[in-house]
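Breakdown of the fold
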Amino acid sequence: MSIRFTAKARRGMVALTIAAGLAVGVAGCSGGGDDGKKPDTSASASRTGGSDPSTQEGESDEPIAELKGSSGLLLQITSATRDAGGFVTVNGNLKNDGSKRITIPPAVRGDETEILRHGMSLGGATLVDATSKKRYYVLRDTDGRPLTTTGFSSLQPGESLAVFVQFPAPPTSTTDVTFQLPTFASAPIQISG
């Protein structure tokens, strides 16, 4: 019975997160006339075209953390934002800093069976709150797909890929966490919002 309860609770949490996201999206789209300002963009784009992705609106050009991976891979985290829906979105750029084409290591998607079924992703990422001694894993939708950038396999030399990962939000009193991604060095980041 506890397994069934846990599954129901997880589905309910995911449904609540999706409903909150949709409500925020509808509220953002319902603004009146054109006031000359650009609309806010979401972090749901999986891949940018070409080798020079544009900086997502609301992010600085300077990364808040850089994680070095194998074979010249570099993950530059540009923001970690707490949203009203109860989750944290980490945005960044995955870059091939080497001189040869790099195949992204499969380890970055983690080893959970449900995530592995959905192909390449950053599903192995975690946030660690050392103060509360808790680890936060990537959120999933109702079909078990990780709420992160998916569908990539390799990067050419100098190519960048805009990426995002969503986690359940730690308590509001927690702002300093450690971002971890398999095959990459860990890095402390600060959550804003």
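Residues numbered from 1 in each chain as written. Predicted model: local features only at pLDDT ≥ 70, side-chain atom pairs only at ≥ 80, totals over all residues. Heavy atoms only, no water.

**Focus on the sheet that holds strand β5 (residues 126-129)**
Spatial ordering of the open sheet is given by β6-β5-β9-β10, a layout of four strands whose pairing is antiparallel. The sheet is open, and its two edges are formed by β6 (134-137) and β10 (187-190), each paired on a single side. Shown here is a sheet whose adjacent strand axes are inclined to one another by a mean of 35°, direction ignored. The pairing of β5 with strand β9 (residues 176-180) spans three bridges and is classified as antiparallel. By the bridge assignment for β9, T126 is matched with Q180. (Pairing = 2+ DSSP bridges. Helix = DSSP H or I, 4+ residues; strand = E, 2+ residues; numbered from the N terminus. Axes fitted to C-alpha atoms, helices over the stretch in contact; angles between N-to-C directions.)

**Observations regarding the confidence of the model for the protein**
Note: predicted coordinates in regions of low pLDDT should not be interpreted at a detailed level. Averaged over all residues, the pLDDT of the protein is 79; the fraction at 70 or higher stands at 68%. Contacts for the low-pLDDT stretch residues 29-59, under 50 throughout, to residues beyond four places or in other chains number 37 contacts. (pLDDT = per-residue confidence, 0-100. Contact = heavy atoms within 4.5 Å.)

**Some remarks on the packing of aromatic side chains**
The full count for this structure, using the stated rule, is one aromatic pair. Arranged with centres 6.2 Å apart and planes meeting at 85°, the rings of F167 and F179 form a pair that is edge-to-face. Highlighted residues: F167 in strand β8 (residues 160-168) and F179 in strand β9, separated in sequence by twelve residues. Accessibility expressed as a relative area gives 0% for F167, which makes it buried. Under the relative-accessibility criterion, F179 is labelled buried at 2%. (Phe/Tyr/Trp six-rings, centres within 6.5 Å; stacked < 30°, edge-to-face > 60°. Buried < 20%, exposed > 50% of the residue type's maximum accessible area, 1.4 Å probe, protein only.)

**Brief notes about the sheet that holds strand β3 (residues 87-96)**
The strand order across the open sheet formed by four strands is β1-β2-β3-β8, and the pairing between neighbours is antiparallel. Either end of the sheet is taken by a strand with one partner, and the two such strands are β1 (65-68) and β8. Taking the axes of each pair of neighbouring strands and ignoring which way they run, one obtains an average angle of 25° across the sheet. Sheet analysis places β1 next to strand β2 (residues 73-82), joined by four bridges and oriented antiparallel. The partner of E66 across the bridge, within β2, is Q76.

**Describing unusual backbone geometry**
Phi is positive for K133, which is not a glycine, with a value near 55°. By secondary structure assignment, the location of K133 is in the loop between β5 and β6. Among the residues examined, K133 registers a relative accessible area of 76% and is labelled exposed. Unlike most non-glycine residues, T183 shows phi in positive territory, near 75°. As for its position among the elements, T183 is in the loop between β9 and β10. Judged by relative accessible area, T183 falls into the partly exposed class, the value being 37%.

**With respect to the side chain of T148**
Along the chain, T148 falls in the loop between β6 and β7 (154-155). Within the structure, the side chain of T148 is placed 2.8 Å from the backbone oxygen of F164, a separation counted as a polar contact. Excluding its chain neighbours within four sequence positions, the residues that come into contact with T148 are S121, L122, G123, V138, F164 and V165. (Polar contact = N/O pair within 3.5 Å; in protein donor to acceptor, adjacent residues only side chain to side chain.)

**Side note on the environment of Q76**
Residue position: Q76 is located in strand β2. As a C-alpha pair, Q76 and K95 span 19 residues in sequence and 7.8 Å in three-dimensional space. Ignoring sequence-local partners within four residues, the contact set of Q76 consists of P63, A65, E66, N91, G92 and N93. A distance of 3.0 Å separates a polar atom in the side chain of Q76 from a polar atom in the side chain of E66.

**Focus on the pairing of β5**
Here β5 shows two buried faces, one formed by T126 and V128 and the other by L127 and D129. Across four bridges, the pairing between β5 and β6 is antiparallel. Along β6, the bridge assignment pairs D129 with K134. Connecting β5 to the antiparallel partner β6 that follows it, the hairpin turn spans four residues, and K133 within it adopts a positive phi of roughly 55°.

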